[in-house]
Amino acid sequence: MQNNINQIAALMANSRSTTVVTGAGISTEAGIPDFRGPEGIYRKLGEDKVMRIINIDTFRQRPELFYEFYREHFKLAEVAPGRAHYVLAELEARNYIHGVVTQNIDGLHQKAGSKNVIPVHGTADRFVCQKYHCGAVYDASTALSSPELVPRCEKCGGVLKPDVVLFGESIQNFMDAQDSILSAQLLIVIGSSLTVYPLAGFVRAFDSFTQDLVILNKGPTSMDHAARVKIDAPGTTGAVLEQIAALLPERGRA
Ligand code: NAD
């Protein structure tokens, strides 16, 4: 383990451009369950059911069903970032991380102070009116404080949608995410099983012969075979990142 930590610190120290890819697993230590883990909704309710409900067709055709589920399972607003989010923000400020591509919708990287964040699945903080030509934007606390199950726009009465990518929708920031991953000298994947596409496809296309791939994940990922270093997160991922950060000399702040 210490050997792996030393190796990751050395790779970071030698890298001119490091991108971090994060999935739901980086936020479990902050208190948000992932979908696939023991507390996750895939385990509790079944993946098929979840995919049918948080789906753009269900949202459009049966918004009550969507919102019943969303209000119960997506309470992200009160959660504070975990150690892992703070260490990544610190390493960006110290010029060791150049961008974070995240599948998460919880906004915890931004709350922790990361500046160059590329969210591909949107953000649960914003709600947008779906009525043609309206597009009014609301913050989550305003939208979800609506006494009606399905929140509506105060201006036009249109249905509000959380600004998150539902099943059946295209990801956001496709090109920026792809560029940031493919052009990195060092790619560090944290808390993702690398099974959710298209992000998993970008990591698959990353050339691990000429570039270095590091994975910090509890359990297997689809790219373990290509990783220079894999840490299967014994203990906590936040603590592992703190140990790596402590080994890195000052580099001049970004
Ligand atoms: P995923 O496929 O990326 O799996 C998460 C991975 O993280 C799993 O392999 C799990 O074993 C690992 N993990 C859990 N705790 C960890 C820890 N402390 N340290 C390191 N690794 C850890 O993601 P998913 O759970 O299948 O979710 C699918 C998609 O749903 C995500 O890509 C995301 O868009 C969305 N989602 C977002 C959030 C969030 O915003 N916090 C939470 C759940 C799901």
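Heads up: these notes are all about the structure in this document.

Some points on helix α5 (residues 63-73)
Among all positions in α5, only Pro 63, Phe 66, Tyr 67, Phe 69 and Tyr 70 are buried. An end-on view of α5 places all buried positions within 165 degrees of arc, on one side of the element. α5 presents Glu 68 and Glu 72 as exposed residues on the side facing more than 90 degrees away from its buried surface.

A few points about the sheet that holds strand β4 (residues 122-129)
Strand pairs in the sheet, formed through backbone hydrogen bonds, run parallel or antiparallel to each other. The strand order across the open sheet built from 3 strands is β5-β4-β6, with neighbouring strands paired in antiparallel fashion. One side of each edge strand has no neighbouring strand; the edge strands of this open sheet are β5 (137-139) and β6 (160-164). Neighbour-to-neighbour, the strand axes of the sheet open up by a mean angle of 40 degrees, direction not taken into account. Inspection of the sheet shows β4 paired to β5 by 3 bridges, in the antiparallel sense. What sits directly across from Phe 127, in β5, is Tyr 138.

Here we look at unusual backbone geometry
Residue Pro 198 is bonded to the preceding Tyr 197 through a cis peptide linkage, with omega at 5 degrees. Phi at Asn 173 takes a positive value of approximately 55 degrees, unusual for a residue other than glycine. Residue placement: Asn 173 occurs in the loop between β6 and α9 (174-182).

Here's the deal with the packing of aromatic side chains
Under the counting rule described, the total for this entry stands at 10 aromatic pairs. Ring geometry for Phe 66 against Tyr 70: centres 5.5 Å apart, planes inclined by 20 degrees, an arrangement best described as stacked. Separated by 4 residues within a single helix, Phe 66 and Tyr 70 lie in helix α5, roughly one turn from each other. Ring geometry for Phe 174 against Phe 202: centres 5.1 Å apart, planes inclined by 90 degrees, an arrangement best described as edge-to-face. In this pair, Phe 174 sits in helix α9 while Phe 202 sits in helix α10 (residues 199-205), placing the two residues 28 residues apart along the sequence. A relative accessible area of 5% means that Phe 202 is categorised as buried. Put simply, the rings of Phe 35, Tyr 42, Phe 59, Phe 66, Tyr 67, Tyr 70, Phe 74 and Phe 127 touch in pairs and so form one group of aromatic residues.

Side note on the site of the ligand
In the vicinity of the ligand there are 24 residues, among which Arg 36, Gln 103, His 121, Ser 193 and Thr 237 approach most closely. Within the backbone of Phe 35, an N or O atom sits 2.7 Å from an oxygen atom of the ligand. At 2.6 Å from a nitrogen atom of the ligand is found a side-chain nitrogen or oxygen belonging to Thr 237. Relative to its unbound accessible area of 850 Å², the ligand is 92% covered by the protein chains.

Considering the packing of helix α1 (residues 2-14) against helix α11 (residues 237-247)
Packing of α1 against α11 leaves a shortest axis separation of 9 Å and a crossing angle of 55 degrees. As summarised for this structure, α1 and α11 are arranged oblique, according to the angle between their axes. Where α1 crosses over α11, the two elements pack in a sense that is right-handed. Across the interface between the two elements, Gln 2, Ile 5, Asn 6, Ile 8, Ala 9 and Met 12 from α1 touch Val 240, Gln 243, Ile 244 and Leu 247 from α11. Among the residues forming the contact of α1 with α11, the class breakdown is 7 nonpolar, 3 polar and no charged.

About the cut-offs
- Residues numbered from 1 in each chain as written.
- Predicted model: local features only at pLDDT ≥ 70, side-chain atom pairs only at ≥ 80, totals over all residues.
- Heavy atoms only, no water.
- Buried < 20%, exposed > 50% of the residue type's maximum accessible area, 1.4 Å probe, protein only.
- Helix = DSSP H or I, 4+ residues; strand = E, 2+ residues; numbered from the N terminus.
- Arc of directions from axis to C-beta.
- Pairing = 2+ DSSP bridges.
- Axes fitted to C-alpha atoms, helices over the stretch in contact; angles between N-to-C directions.
- Phe/Tyr/Trp six-rings, centres within 6.5 Å; stacked < 30°, edge-to-face > 60°.
- Near = heavy atom within 4 Å.
- Polar contact = N/O pair within 3.5 Å; in protein donor to acceptor, adjacent residues only side chain to side chain.
- Areas by Shrake-Rupley, 256 points an atom, 1.4 Å probe, with all protein chains shown as cover.
- Parallel < 35°, antiparallel > 145°, perpendicular 65-115°, else oblique.
- Left-handed = near helix turned anticlockwise from the far one by under 90°.
- Contact = heavy atoms within 4.5 Å.
- Nonpolar A, V, L, I, M, F, W, Y, C, P; charged D, E, K, R; others polar.

Without other data, these values stay purely geometric and don't point to any function.
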